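# Descriptive structure summary
The lines below spell out each chain.
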Amino acid sequence: MTQATQHTIAGTVLTMPVRVRTAHQHTAMFAVDADAAQRMIDYSGLQVCRFGRNRAMVVLMLMRYEDTDLGQYYEYGTNVMVNPPGSQASGFAALKDAGAFVHHLPVDQPFTLEAGRTIWGYPKVMADFTIRDGRRYGFDVTIDGRHVVSMEFARGLPVPSGRPQTHATYSHLDGVTRETAGQMVLSGVRYRPGGVRLRLGDHPYARELASLGLPKRALVSSSAANVDMTFADATLV
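First, a word on what this report is: a plain description of the structure on this page. (Residues numbered from 1 in each chain as written. Predicted model: local features only at pLDDT ≥ 70, side-chain atom pairs only at ≥ 80, totals over all residues. Heavy atoms only, no water.)

In this section: the packing of aromatic side chains. Applying the stated rule across the entire model yields seven aromatic pairs. Summarising the aromatic geometry, the rings of Phe51 and Phe92 are spaced 5.0 Å apart at their centres and angled 50° between planes, so their arrangement reads as tilted. On the criterion of sequence distance, the pair formed by Phe51 in the loop between helix H1 (34-41) and strand E4 (55-68) and Phe92 in the loop between strand E5 (73-82) and strand E6 (99-107) is long-range, its members being 41 residues apart. Residue classification places Phe92 among the exposed positions, given a relative accessible area of 59%. Grouped by ring-pair contacts, the aromatic residues Trp120, Tyr122 and Phe231 constitute a single cluster. (Phe/Tyr/Trp six-rings, centres within 6.5 Å; stacked < 30°, edge-to-face > 60°. Helix = DSSP H or I, 4+ residues; strand = E, 2+ residues; numbered from the N terminus. Buried < 20%, exposed > 50% of the residue type's maximum accessible area, 1.4 Å probe, protein only.)

The following block contains the structure:
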């Protein structure tokens, strides 16, 4: 039997795969200019998944991690859907095989920051989060006192929970591109066409989002009352 790999982060031993047992998720999907998205992630060596009339999919999300091997924390992500390395697939059908390239990943706790950068090469940076959990769920992200992004979500319509999903995420840090395989089960899922207000700040991350043509109307927004998932060791691309 192959022995599970372990990583020591800030004196804590993590045994792979890392497990998330309880987390809440809000996401919004935007169709943006594929050439602009490609320029933004060219440094990774990966290719955006193109569909429609030269469009690419960008997913903005907020995660609230509650019961995980990495502790409790908030995380904002800018994810660009990309083809698996070596694939030139395009069209809407290609999106089902696309992976998420993690371009921005601010978090609010130092342990998950160190673990994310060390184990998976995720571009985690420290940030501050302001949460508004009322009739509409909203949040603000600031880094070093500069506003990055604000989003407000309208409540979606419930949909049946899906089957377990296998997902691939990609990252690029210190000149190295990595792929991380994971599994995910969503429950308490709600979807809504549009359904999100997006406001950008003056941080460089915000200027990158603006270069994609954001803010604009989202294709769809969603939430999940719980996300149960695992993250395996990263492999080099």
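There's more to say after this.
Take the sheet that holds strand E14 (residues 196-200) next. Strand-to-strand pairing in sheets goes through backbone hydrogen bonds, with the strands running parallel or antiparallel. Pairing in this open sheet of four strands is antiparallel, and the strands run E8-E9-E10-E14 from one edge to the other. Where the open sheet ends on each side, the last strands, each with one partner, are strand E8 (128-133) and E14. Within this sheet the neighbouring strands show an average axis-to-axis angle of 10°, counted without direction. In the sheet, E8 pairs with strand E9 (residues 137-143) via six bridges, with the strands oriented antiparallel. Each residue of the ladder has a partner; that of Thr130, found in E9, is Asp140. (Pairing = 2+ DSSP bridges. Axes fitted to C-alpha atoms, helices over the stretch in contact; angles between N-to-C directions.)

Attention shifts here to unusual backbone geometry. With an omega of 0°, the peptide bond running from Met16 to Pro17 counts as cis. Within the secondary structure, Pro17 is located in the loop between strand E2 (12-15) and strand E3 (18-33). In this chain, Leu214 is followed by Pro215 through a cis amide linkage whose omega measures 0°. Phi at Ala10 is positive, roughly 50°, even though this residue is not glycine. Even without glycine at this site, Asp174 takes up a positive phi of about 55°. Relative to the helices and strands, Asp174 is located in the loop between strand E12 (165-173) and strand E13 (176-193). The exposure class assigned to Asp174 is exposed, which follows from its relative accessible area of 72%.

With 39 residues, the main nonpolar core has Phe30, Leu60, Val149, Met151 and Leu214 as its most contacted residues. For this core, the secondary structure elements donating two or more residues are E3, H1, E4, E5, E9, strand E10 (146-153), E14 and helix H3 (204-210). The greatest single-element share of this core, amounting to five residues, is contributed by H1. Beyond its immediate chain neighbours, meaning those up to four positions away, Phe30 contacts Ala56, Met57, Val58, Leu60, Val196, Leu198, Leu214, Lys216, Arg217 and Ala218. Formed by 37 residues, the second largest nonpolar core is a distinct cluster that contains Met16, Leu70, Ala100 and Ala115. (Core = buried A, V, L, I, M, F, W, Y, C linked by side-chain atoms within 4.5 Å. Contact = heavy atoms within 4.5 Å.)

Moving on: the pattern of salt bridges. Evaluated as defined, the whole model comprises 11 salt bridges. Among the salt bridges present, the one from Arg132 reaches Asp140, with a minimum N-O distance of 2.7 Å. Because the salt bridges share partners, they merge into one network encompassing Arg132, Arg136, Asp140, Glu152 and Arg197. (Salt bridge = Lys/Arg side-chain N within 4 Å of Asp/Glu carboxyl O.)

Bringing the pairing of strand E15 (residues 220-236) into the picture now. Alignment of E3 against E15, held across eight bridges, turns out to be antiparallel. When the sheet's bridge partners are listed, Gln25 is paired in E15 with Ala224. Both E13 and E15 contribute to a ladder of 14 bridges, which runs antiparallel. By the bridge assignment, Gln183 is partnered in E15 with Thr230.

On E14, burial follows the alternation: Val196, Leu198 and Leu200 on one face are buried, whereas Arg197 and Arg199 on the facing-out side are not. Two strands pair when backbone bridges link them, and E10 and E14 are joined in this way by five bridges, in the antiparallel orientation. In the strand pairing of E14, Glu152 is matched with Arg197.

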